[in-house]
Every structure is written in C-alpha cells, then in structure tokens.
Amino acid sequence: MEIRRGIGVSSGYAIGEAYVFDRENFRVSRRTLAPAEIEGEIRRLQKASEEAAAEIRAQMDALPERIREVAGSILEAQIRMLQDKTLLEEIGSEIRRNSHTADFSASRTLKRKVKVLEESGAAAFAERAVNELGAIEKSLLRHLVGSKKAGAPSLKSAAVIIAHDLSPSQTLRLDRKNTLGLVIEVGGPTSHTAIVARSLGIPAVVGAAGISVDVSSGDMVILDGVEGKVILNPDEATLKRYQAMERNFVLLERQRARELHDLPAVTRDGTRIQILANIESPEEIPVALDMGAEGVGLYRTEFLYLDNNFEPTEKEHLEAYRRAIELLGKRKIVIRTMDLGADKMPLDGSPPEDNPFLGTRAIRLCFERPEMFKAQLRSILRVTSLGQVGMMVPMISSLSEVRKVKEILEEVRAELRSHEEPAGDSMELGIMIEVPSAAVMADILAAHVDFLSVGTNDLIGYSVAVDRKNERVAALYQPGHPAILRLLKQVIDAGQKHGKPVSVCGEMSGDLVYTLLLVGLGLRTFSVAPPAIPDLKKLIRSVSLEEAQAVAARALLFDEAEPVLEYLKAQTRRFLPDSP
Ligand code: PEP
Ligand code: MG
C-alpha cells in the first residue's frame, strides 16, 4: 500500500481499478485474451519491437552528423533494449501468465522496472535508465496501439481515471456512469478540469505528480477527494474503512440535498441570498435543480465550440440555449459568451501564443472574429423572449471593450429588426470582472452595464500572477489574500453605488470558507458548482447578516492571507460545526 498526496478538488471517494490514460493518450487495453489469441499477441509484440527499433535507427540516420555524435549512444542503447531477448521474454511471459494484451503487458513490465530503479537509490544512474525505459515503453506502445490523440478515455467498466492531464472537453465527455473518479498529475483547484469534475460531481484529485507512471491500469486505487489523497494497492483494512466512508458520504449528500431543497437561502435575520448554478452544458441543469439551484448564473458556452469543431452553427447555438431555457422553466439563465483561449484551447488555426492566458482569449478573440461573435449574439438575442435570459462577457479589461460589445450588439439587433425578428431588447447585459484593471475601475464600468459577475478564478490568478493550472505555484493562489479581499469589496461597493447586482461565479463562491466573508461584504448572488449548493444554503441559514458583516470587517484587517484563512475557517466552524 502506498499513499500519494495531491490536491482534493472535488469531494467524495472513489474505489476501484485504475484506468491509466497515458500522457500521450495511448489507450492500453486490459482485455483478457482467449487462449487462442496468446501466440498472436506475442508475435504482435515481436513485430512492434522490430518496427520501433527500425524507426529509431531511421531517426538516428536522419540526424546531422554533429548531433548524431552526441545523441547516437542514447538511441543505440534504446535500439539494443528493444532487441533485448530477455526483456521481450519477460513481457512474453507476462502475456502468457496473465492472458493480458501485448500493450498492457509491455507497459506493466516496463513500469515495474522503472519502479525498481527509482527505489534503488542509485540516483544518477537510475534517472537516466528511467528515462530510457520510459522512451522504450512509448515507442513500443506507439507501434502496438498507435497514438490516439484528443479523444476522451473510453471505459468499458467502472474505473478511476489516472492521467497526466485531461482537457476540460475530455473531462466533459467522460462516461459519467463508469468514471468513479479522476486523478490528474497537473493542475490546481481552479483549473478548468477541476471545475468540470466538480460540476459533474466526480471526485477528483489534481497535482498528483508522477502518478501515471507508478500506477498501471488494473491496479486497485482509492481516491480521497476530501483529503486530496490517492492510496495505491490498499490493504484490506483500509479498503473496508474507505468503503464505509464512501457509503456514508453518498448518503449524507443525498440527505442534505433533500432536506434543504425547498428551503430558501436566507440569513437568520431575513436577508435573502440568491444561489445559482454554474454549468458547462444544458445536460447539467436537472442535477443543478435537484441540488436546489434557483437558476443558472454562469453557462460556460465554450464547450459548445469544443464539441462542434470550434464553429457551432447558429442552429447548434439555438438548440443548446433553447434546451437550457426549457429545462429551467421560468428560472433565470446567464449565458456567457465564449471564453476560448488560455487553457480552454485556442480556436483551430489560431497561431500559438507564448502566454495564452495573457493573449487572444475570450472577448479579444471575439473581436478578432466578429462574424463568429455575431453568430453567438444573434442566437442569444433570438432566445431572449423564451425565458429570463441574461448575457455576460468574459475578460473585459477596459471601458472601450464594453462600448465595442454594445456597438456590435446593436448592429446585430438592427439586423434582426430588419428581418422583423425579435431583437431581445429586454436582455440584460453583464460583464465579468476577472481582470484586475476591470476590478479597479468597476465603479466606472458598472454605470454602463446591467450587472457584474466576479470571476474570482481568473481575478485571483491575474492579481497574484499565478497560472491557475500550475501545481508548482498552487500554494501562492490564495483567495484570502488581502489584495483579493480589497478588490472584492471594491467591486461589490461599486455595484451597490450604481444599483447594479453583483454576483461571484468563481470557485471561491462555492467554498464555504469564504461564504461569511462574501455575505458580509454585501454579496447577494452566488453562482456555484451544483454539489456545493446544499451546504452553502445551510451555512447562510445559520448566520445573521450582522454576524457575517462582523466577520468581513475583521477579515479585512489582516495583512496576510494565512491568518485570513485561519480566521475564516474558525468562523465557518463556529456556525457550521461539521464543516471541513
Ligand atoms: C472565473 O474566472 O472565475 C470564471 C468563472 O470563469 P472561468 O473559470 O470559466 O474562467
Ligand atoms: Mg474566467
């Protein structure tokens, strides 16, 4: 048994066999072979090793002489290993003994060797040999199963997915029935993959460095999303303990959601708080409503682009929006215009950028591609009359961008009117406050729009200069940073001054530790991942506005993030003793 630490980003437990979705997305098959297939698999292994060796030789021959002198010995060593009879016999006997496929047996045998070397203590030698073995595994797998890019892991039975990284769209495409949990090597709590896992209610741990090398498909693992742990090959007692914890967790979640479903989020002294859901696709709406959401405060439409080759037709836009509105009935929905770029993949054909988080992302991309932007605006305006629809724009950094959005919106309205179509005149227009410049001048921006929604995920990242996906600097990503508290206060005050509603739709608003602070600062609308709703309601219902205001006032006095966090945790426990 081995315990590995990561960051728990989606609560819950998952117990089951691992499915390792390799860094290069090789789909290694763990199918059990029929006896008649075994010799064929051994031949497949032999052929793959010959082809891999020939490929490396061809690569070597193509190198300029000067480089061949340096790299030649490494490549020669790889060729020798691929032709090593003992290694091939070892993999062969794994195929015969366990009736496993050649790809699974090769991967497992080589991973086992890597592990032995890593534990050998001969650091300098081991590191080089580990790299060589890794390279051999990849080239064998390339010839056994081919490289399969981009698709989502496809599961035939329930499993815990282990991957170096999954894109948000791969996560969204996961087969929810069979995906017990997700363990990802990279990423932090607000990486989009973590957000999607939370929305789907899939337990997840990120930042589990190196785990995809140490685990093989089929190994037993326990994922503890509450504590951010992964337990490899657990012993019997640990397994039993976690099975009980998992049952309890699910029962309690259901019970909490049922108990609080029909109760409003209202403080003890009667201040009403609106709780909306963040969704990535209309299919998430029924679960959000079950959890007690009063509507949708953030519909991340970029997944509509990811699922439709980056160019959804107007018909596809309309279908998705109509479906969402229909599922919500009379409840509110805020559709966010697309936020592609950064970690949500650039549009196909866009040139690569050195710093995509600071590059042509979201509204900047929309301005670059006005026809594409107009297609989305037209679709949103067309569905406005069907429900209570608002639209908001991400990544606003200046007033001129707000003016430009309004101009384009008016152009689209004029077109619609010229065809005697409804032009969505009642639609409320909001902007996301997620760039520090927008937060600092929120009082100016608020006068020009109908509402503000604070995207704390990006606002924190851009303010403290931390890439939200980078686990190495994840500790510097602190929602309780005094600078963030001040920015939040500034934005909420700006909204109040202009009588414009303010919501927070970043992950911070679903984290109970910050609920008292946000209510105390004057926030009246939270938009959160649906599984967070029952606890959020419970906490809000157990505090008075005056108590929350006192907490916020005190939190603003600290000069560092750590004491803010300690203080807020203690206060949260005071009102909700069973909070984490
Ligand atoms: C945010 O930045 O807080 C936000 C809600 O937007 P996203 O996470 O989609 O970037
Ligand atoms: Mg954002």
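Provided above is the structure to which this section pertains.
Please read these numbers as outputs of a predicted model, since none were measured by experiment.

Visitor: Teacher, can you tell me more about the packing of aromatic side chains here?
Guide: Given two aromatic rings, one states the distance between the centres and the angle between the planes to describe the pair. On inspection of all chains with the given rule, the structure shows five aromatic pairs. Ring geometry for Y13 and Y242: centres 5.7 Å apart, planes at 65°, overall edge-to-face. Placement of the pair is Y13 in strand β3 (residues 13-21) and Y242 in helix α9 (residues 236-260), with a sequence separation of 229 residues. The pair formed by Y13 and Y242 is uniform in burial state, with each residue classed as buried. Between the aromatic rings of F558 and Y567, the centroid separation amounts to 5.6 Å while the plane-to-plane angle is 45°, which identifies the pairing as tilted. As far as the burial class goes, F558 and Y567 line up, both buried. Joined through ring pairs, the aromatic side chains of Y13, Y242 and F249 make up one cluster. Between the NZ or CZ atom of R554 and the centre of the ring of Y567, over which it lies, the distance is 5.3 Å.

Visitor: Is there a simple way to explain the packing of α9 against helix α21 (residues 533-541) in this structure?
Guide: Angle between the axes and distance between the axes are the two parameters that describe a pair of packed helices. Running from amino to carboxyl end, α9 crosses α21 at an angle of 55°, the nearest separation of the two axes being 9 Å. In terms of orientation, α9 lies oblique with respect to α21. The handedness of the crossing between α9 and α21 comes out as left-handed. Only P534, D535, K537, K538 and R541 of α21 make contact with α9, whose side of the interface consists of R256, A257 and L260. When its residues are assigned to classes, the contact of α9 with α21 shows three nonpolar, no polar and five charged.

Visitor: Is there a simple way to explain the pattern of salt bridges in this structure?
Guide: Where charged atoms from two side chains of opposite charge approach closely, those side chains can pair. Taken as a whole, this structure holds 35 salt bridges when the rule is applied. A salt bridge links E421 to R382; the nearest nitrogen and oxygen atoms lie 2.8 Å apart. Of this pair, E421 sits in the loop between α15 (399-418) and β13 (428-433) while R382 sits in helix α14 (residues 370-383), and the two are 39 residues apart along the sequence. Shared partners join several salt bridges into a network, and the residues in it are E94, R97, R108, R112 and D219.

Visitor: Quick question: what am I supposed to make of the environment of F104 here?
Guide: Tracing the chain through its elements places F104 in helix α4 (residues 102-118). Among the residues examined, F104 registers a relative accessible area of 2% and is labelled buried. Along the chain, F104 and E284 lie 180 residues apart, while their C-alpha atoms are 35 Å from each other.

Visitor: Honestly, the coordination of the magnesium ion (ligand 2) in this entry has me stumped. Any pointers?
Guide: Ideal values for angles at a metal depend on the geometry: 109.5 degrees with four tetrahedral donors, 90 or 180 degrees with six octahedral donors. Binding of the magnesium ion (ligand 2) to the protein goes through E434 (OE) and D458 (OD), at separations of 2.0 to 2.1 Å. Placement of E434 in the loop between β13 and α16 (436-440) and of D458 in helix α18 (residues 456-464) is noted, with a sequence separation of 24 residues between them. Note on accessibility: E434 and D458 belong to one class, buried.

Parameters at a glance
Residues numbered from 1 in each chain as written. Chains lettered and ligands numbered in written order. Predicted model: local features only at pLDDT ≥ 70, side-chain atom pairs only at ≥ 80, totals over all residues. Heavy atoms only, no water. Phe/Tyr/Trp six-rings, centres within 6.5 Å; stacked < 30°, edge-to-face > 60°. Helix = DSSP H or I, 4+ residues; strand = E, 2+ residues; numbered from the N terminus. Buried < 20%, exposed > 50% of the residue type's maximum accessible area, 1.4 Å probe, protein only. Lys NZ or Arg CZ within 6 Å of the ring centre and 35° of its normal. Axes fitted to C-alpha atoms, helices over the stretch in contact; angles between N-to-C directions. Parallel < 35°, antiparallel > 145°, perpendicular 65-115°, else oblique. Left-handed = near helix turned anticlockwise from the far one by under 90°. Contact = heavy atoms within 4.5 Å. Nonpolar A, V, L, I, M, F, W, Y, C, P; charged D, E, K, R; others polar. Salt bridge = Lys/Arg side-chain N within 4 Å of Asp/Glu carboxyl O. Donors = N, O, S within 2.8 Å, 3.2 Å for Na, K, Ca; no water.

Read these as layout, nothing more, since geometry by itself doesn't imply function.
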